[in-house]
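Structural overview for review
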Amino acid sequence: MAVVLGIESSCDETAAALVTSSREILSERIASQDEHHAPYGGVVPEIAARAHAERLAPMIEGVLADAGLALADCDAIAATAGPGLIGGVMVGLVSAKALAMASEVPLLAINHLEGHALSPRLADPELGFPYALLLVSGGHCQILRVDGVGRYRRLATTIDDALGEAFDKTAKILGLGFPGGPAVERLAKEGDPAAVPLPRPLLRSPEPHFSFAGLKSAVLRAHESGRYEPADIAASFQQAALDCVLDRLRVSLDAIGRVPALVVAGGVAANASIRSALEALAKERDMRFVAPPPALCTDNAAMIAWAGCERLTLPGFAPDPLDFTARPRWPLDPGAEPARGAGVKA
Ligand code: KG4
Ligand code: ZN
């Protein structure tokens, strides 16, 4: 059994965790920076990097102490090496390099998106390859076919905003504070999803890509018109987003071919309405539906440690070199066609 130390610092969560190859989370700690970024209504990269730099080392010390382990007991140190806000990524990766060098434990530079993509397998031992994956976070909105560790085919991406970004912007427009996704979800429960006529961008387009910029602008116009209750706007926005997700997924699932499971991961996968709609879609397609528990959906270090565990078991496994460069962009499927009109999102 292998033990991997995971480090996550690519956005606004500082996190460390110890995870075993038998799917046990031995210890984990996470610190959000919401109070630092709330006054600005979004993550400020410089502030995020400074907070990671202050918190990470004591946090790593803490998870080792919690599990009663020393660094030398670990089989690898896995750190997010991108994509993400580069200052924060560098804090985590450079810390991991220093620890790896001092302890002679192998370094694993992990793609944050791979952490999300494999996180459902940490939560569910029954989930084998291949599976269809909806990866929806603050920075990404993709549909992938996952054939194995390191084997991803991207079918869809967003041509403008990510789904989490659309939730965050809707929250900002409605004055719900930051982070926006959970606040919009809460308010939507009190509203009528049919009250506000909102567009469903790209609905029924033969290409499976996403677009949320037009929906966001429509939310702004609806709010500024003064004709609608915030709860109705939140509920109508969530319904429109959901309709887009289901429609885009249907197109992708046709292209992916027969796979046994529909899987959702990333921060937006914490949304209960989205989870239940996806579960219904999976049922309709005679697929299993797998969604990690909400704490594994939003950014965390257990998923990074787990991606490390998965890599350790690959035949021909090799650790990453100590000069591995932090990557602001790092697509899971570098060969994927960019979406037409895309503002080049990884
Ligand atoms: O995966 P994540 O923690 O960070 C990134 O890698 O981006 O995702 C964060 C995103 C944010 O946009 C947040 O608003 C959204 O996930 N989110 C939600 C919910 N919880 C988090 N969106 C909708 N409903 C939620 N319950
Ligand atoms: Zn993430």
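Notes on the structure in this doc start here. (Residues numbered from 1 in each chain as written. Chains lettered and ligands numbered in written order. Predicted model: local features only at pLDDT ≥ 70, side-chain atom pairs only at ≥ 80, totals over all residues. Heavy atoms only, no water.)

Some thoughts on the side chain of E8
Condition: Runs of E in the DSSP output that reach at least two residues are strands. Runs of H or I that reach at least four are helices, and both are numbered from the N terminus. Note on classification: 1.4 Å probe, protein chains only; a residue is buried when its accessible area is under 20% of the maximum for its type, exposed when over 50%, partly exposed between these limits. Asp and Glu count as negative and Lys and Arg as positive, but His and the ends of the chain are not part of the count. Basic side-chain nitrogens of Lys or Arg form a salt bridge, by our definition, when they fall within 4 Å of a carboxyl oxygen of Asp or Glu. Here a polar contact is recorded for every N or O atom pair within 3.5 Å, except that within protein the pair must consist of a potential hydrogen donor and a potential acceptor, and residues adjacent in sequence are included only if both atoms are side-chain atoms. In what follows, residue pairs with any heavy atoms lying within 4.5 Å of each other are defined as contacts.
Tracing the chain through its elements places E8 in strand β1 (residues 3-8). An unpaired buried charge is present at E8: no salt bridge exists, and R55, the closest side chain of opposite charge, is 12 Å distant. Of the polar contacts made by the side chain of E8, one reaches the side chain of S10; its length is 2.7 Å. Leave out the neighbours within four places in its chain, and E8 touches E13, T14, A15, T80, H112, D299, N300, A301 and I304.

Remarks on a nonpolar patch on the surface
Defined as follows: Patches here are clusters of residues that have more than 30% relative accessible area and form no salt bridge, with a 9 Å joining cutoff for like charges and a 5 Å cutoff for nonpolar side chains (Val, Leu, Ile, Met, Phe, Trp, Tyr). The Shrake-Rupley method, run with a 1.4 Å probe, gives the accessible areas here. Residue values count only the displayed protein chains as cover.
Taken together, the side chains of I86, M90 and V94 present a nonpolar region at the surface, about 250 Å² in accessible area. Of the residues examined, I86 reaches a relative accessible area of 34% and is grouped as partly exposed.

Notes on the site of ligand 1
We count it as follows: When at least one non-hydrogen atom of a residue lies within 4 Å of a molecule or strand, that residue is treated as near it. Charged means Asp, Glu, Lys or Arg here, nonpolar means Ala, Val, Leu, Ile, Met, Phe, Trp, Tyr, Cys or Pro, and polar covers whatever is left, Gly included. Throughout, the edges of the domains are those of an automatic or database domain assignment.
The environment of ligand 1 is formed by 18 residues, the closest being G138, D168, G181, E185 and D299. Separating an oxygen atom of ligand 1 from a backbone N or O atom of G164 is a distance of 3.1 Å. Here the shell around ligand 1 is built from residues that sort into five nonpolar, 10 polar and three charged. In this structure, the shell around ligand 1 is formed jointly by two domains, domain 1 (3-117 + 296-331) and domain 2 (129-291), each of which donates at least three residues.

Brief notes about the packing of aromatic side chains
Cut-off, in case you're wondering: The pairing test for Phe, Tyr and Trp rings, Trp by its six-membered ring, is centres within 6.5 Å, and the orientation test on the planes gives stacked under 30 degrees, edge-to-face over 60, and tilted for anything in between.
Evaluation of the coordinates by the stated rule reveals four aromatic pairs. Between F129 and Y131, the ring centres sit 5.8 Å apart and the planes meet at 15 degrees, which makes this aromatic pair stacked. Residue classification places Y131 among the buried positions, given a relative accessible area of 0%. Ring geometry for F210 against F212: centres 5.9 Å apart, planes inclined by 20 degrees, an arrangement best described as stacked. For F212, a relative accessible area of 0% puts it in the buried group.

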